[in-house]
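# Observations on the three-dimensional arrangement
In case you want the letters, here they are:
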Amino acid sequence: MIDEILSLVNSHEQWRGKECLNLIPSENIMSPTVRSLLASELGHRYTARDRFYMGTRFLDEIEQYGEELAKSVFGAEVADLRPLSGHIADTIFLACFTKPGDVLMCVSPENGGYPGLWNDGLAGLLGLKAVPLPFSNERMSVDVEKAEDAIKHVKPKIVIFGASLILFPHPVKELATVAYENGALVGFDGSHVMGLIAGGQFQDPLREGACALFGSTHKSLFGPQGGIILADKEHGEILKDRIYPRFVDNAHWNRIAALTLALAETKNFGKSYAKQVIQNSKALAENLHDYGFPVKCSDFGFTQSHQVILDFGDYKRGRKVAEKLQEASIIVDCVIRLGTCEVTRRGMKEAEMAKIAELIKRVVLDRESPEKIKKEVAKLRSDFPNIEYCFEQ
Ligand SMILES: Cc1ncc(COP(=O)(O)O)c(C=O)c1O
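This write-up is about the structure you can find in this document. Throughout this description, residue numbers start from 1 for each chain and increase along the sequence as written. The model is predicted, so local features are restricted to residues of pLDDT at least 70 and side-chain atom pairs to those at 80 or more, both for listing and for counting; the totals for chains, interfaces and linings are taken over all residues.

Take the overall build of the chain next. Here a strand is any run of E in DSSP of at least two residues, a helix any run of H or I of at least four, and the numbering for each starts at the N terminus. Across its full length, the chain holds 15 helices and 13 strands. With the radius of gyration taken over C-alpha atoms, the globule rule is written as 2.2 Å times the number of residues to the power 0.38. Rg of the C-alpha trace for the chain: 21 Å, near the compact-globule value of 21 Å for 393 residues, within the 12% margin. In terms of principal-axis extent, the alpha carbons of the chain reach across some 55 × 55 × 40 Å. In this description, any two residues whose backbone-derived C-beta atoms lie within 7 Å of each other are considered to be in contact. Long-range pairs, those at least 24 residues apart, make up 77% of the contacts in the chain with a sequence separation of at least 6.

Printed below as a string of structure tokens:
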């Protein structure tokens, strides 16, 4: 039994870890030291807010250290690293500031909003009514004028910006005042763009009017899988006070230690990393567009994030393309979104984005044998064995 389990993990490690081009924008890779902390002794331990458990003195210090770093990286008055995932961070924010019957306004899943917020997700769970933020699919952004009218008319309790498909900053600055004037609280689900915000290269929701920024720690931010909440003092203190015992009992201390180190890497290298991620997305998008791929938002500079969207118009076609690419060890999702975080972290730059676009074109448009392309993918991977933007080299 043990051999089977280890063999599955090793096969995965070899394939996705060494041979594939991983282009899923929800994923990233940790530096070796951050990753090693996940296997540390901390992962065995318990703490509780009421000091029920002894033996926590180093955990307490790590938590404080992590929170201070997070506050400094994001310019937040309050930080909490305990949420176990982006989804749980969303849950905490919504549950703390709404009651059943309230209206939540956010980008709808059909426009790339996070389905987990919608009526069959958290809104349904918490008895809220999710109403779409008016959106321009052509520009992949919230339609400011229509959203202003909708906020005045609907009077939501909460407006959440941010989305799963996100190419450009959302107009928090433009809409926060009207939201507050009409009784709504403004939050930003930064699950996808957390690393770009941390690097100062996307937008700055906490300065633009959001009272809280929350989400995943492992997409464009290169921490371990988990969640984070950053907020102003007023709302942050409420969130912090209510997390335990409602949403998290014991926190995962190995993850929090790993996240703390990833935040230290972000503080030191986050700006150059985020810049390169965006430059790489633009380069990948331009090259694919030149080959004739239907790259979304070609009239608006393609992207200012870690994502590039290939708009094949229907999910079935996207799925077919994604499956073909997988045969060549190029891993994408079925939307199709391509993400440049991981390849950037491996040290790839614009020249490699041109090469990746060429490999994609040869699989999808030229219908070259995936077996042949797979070898070139593995060679490209082997040329970039290190992880950059971290302390070890
Ligand atoms: C915008 C957004 N928010 C939240 C989540 C949930 O994040 P997690 O997978 O960390 O729970 C996702 C997931 O991809 C997402 O795209």
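A few words now on the pairing of strand 8 (residues 185-189). Every regular strand shows the same layout, with side chains that alternate between the two sheet faces. Extensive coverage of strand 8 is indicated by the burial of 5 of its 5 residues. Pairing between strands is defined by DSSP: at least two bridges between them are needed. Where strand 7 (residues 158-161) and strand 8 come together, 4 bridges link them in parallel fashion. Bridge pairing in strand 8 places Ile 158 opposite Leu 185. Note: strand 8 against strand 9 (residues 212-216), 3 bridges, orientation parallel. Note that in strand 9 the partner of Asp 189 across the bridge is Phe 214. With C-beta atoms placed from the backbone, a residue is buried if 20 or more other C-beta atoms are within 10 Å of its own, exposed if 12 or fewer are, and partly exposed between those counts.

Here we come to helix 11 (residues 253-290). What a helix is expected to span follows from its residue count: subtract one and scale by 1.5 Å. Taking 1.5 Å as the rise per residue, helix 11 with 38 residues should run 56 Å; its terminal C-alpha atoms sit only 47 Å apart, a clear shortfall. Bend at a residue means the angle formed by two fitted axes: the first through the 7 residues ending at that position, the second through the 7 residues beginning there. Considering bend angle alone, the principal kink of helix 11 is centred on Phe 269 and spans about 75°.

Note on geometry: axes are lines fitted to C-alpha atoms, helical ones only across the stretch in contact, with angles between N-to-C directions running from 0 to 180 degrees. Packing of helix 14 (residues 350-364) against helix 15 (residues 370-382) leaves a shortest axis separation of 10 Å and a crossing angle of 165°. The angle between helix 14 and helix 15 places the two elements in the roughly antiparallel class. The two elements helix 14 and helix 15 meet at a crossing, and its hand is left-handed. Note on element contacts: helix 15 touches helix 14 through Pro 370, Ile 373, Glu 376, Val 377 and Leu 380, opposite Glu 352, Lys 355, Leu 359, Arg 362 and Val 363. Residues were grouped as follows: Ala, Val, Leu, Ile, Met, Phe, Trp, Tyr, Cys and Pro as nonpolar; Asp, Glu, Lys and Arg as charged; and all remaining residues, including Gly, as polar. Taken together, the residues of the contact of helix 14 with helix 15 sort by class into 6 nonpolar, no polar and 4 charged. For classification purposes, an angle smaller than 35 degrees is called roughly parallel, one larger than 145 roughly antiparallel, one from 65 to 115 roughly perpendicular, and anything else oblique. Here is the rule for handedness: rotate from the far helix to the near one, and if that takes an anticlockwise turn smaller than a right angle the crossing is left-handed, while a clockwise turn gives right-handed.

Our focus in this paragraph is the sheet that holds strand 3 (residues 103-106). Sheet architecture is open: 7 strands sit in the order 2-10-9-8-7-3-4, paired in mixed fashion. Two strands lie at the open edges of the sheet, namely strand 2 (78-80) and strand 4 (129-132), each paired on one side alone. On average, adjacent strands in this sheet sit at an angle of 20° to one another, irrespective of strand direction. Here helix 7 (residues 172-181) sits on the sheet in contact with strand 7 and strand 8, set at roughly 145° to strand 8. Packing against the sheet, helix 10 (residues 233-246) makes contact with strand 2, strand 9 and strand 10 (227-231), and its axis sits at approximately 30° to strand 2.

Here we come to the site of the ligand. In the vicinity of the ligand, 16 residues are found, and the nearest of them are Ser 85, Gly 86, His 87, Ser 164 and Ser 216. Mapped onto the shell around the ligand, the elements with two or more residues apiece are helix 4 (86-97) and strand 9. When residues in the shell around the ligand are grouped by element, the largest group, 3 residues, is from helix 4. Proximity of a residue to a molecule or strand is defined by its backbone-placed C-beta atom lying within 6 Å of that partner.

The subject of this paragraph is the packing of helix 4 against helix 10. Two numbers describe how helix 4 lies on helix 10: the axes approach to 10 Å, and their chain directions differ by 105°. Comparing their axes, helix 10 and helix 4 come out roughly perpendicular. In this structure, helix 4 contributes Ile 92, Phe 93 and Cys 96 to the contact, and helix 10 contributes Ile 238, Leu 239, Arg 242 and Ile 243. For the contact of helix 4 with helix 10, a count of residues per class yields 6 nonpolar, no polar and 1 charged.

So, on to the pairing of strand 3. Alignment of strand 3 against strand 4, held across 4 bridges, turns out to be parallel. For Leu 104, the partnering residue across the bridge sits in strand 4 and is Ala 130. Examined bridge by bridge, strand 3 and strand 7 share 3 bridges and lie parallel to one another. Directly across from Met 105, in strand 7, lies its bridge partner Val 159.

To continue, consider helix 7. Because an α-helix packs 3.6 residues into every turn, residues spaced three or four apart end up facing the same way. Of all the positions in helix 7, only Val 172, Leu 175, Ala 176 and Ala 179 are classed as buried. For helix 7, the arc enclosing every buried residue in end-on projection is 120°, short of the 170-degree limit, so these residues lie on one face. Facing away from the buried surface of helix 7 by more than 90 degrees, the exposed residues are Thr 177 and Glu 181. Where helix 7 is buried, its residues meet helix 6 (144-154), strand 7, strand 8 and helix 9 (205-208). By definition, the arc is the one covered by directions from the helix axis to the C-beta atoms.

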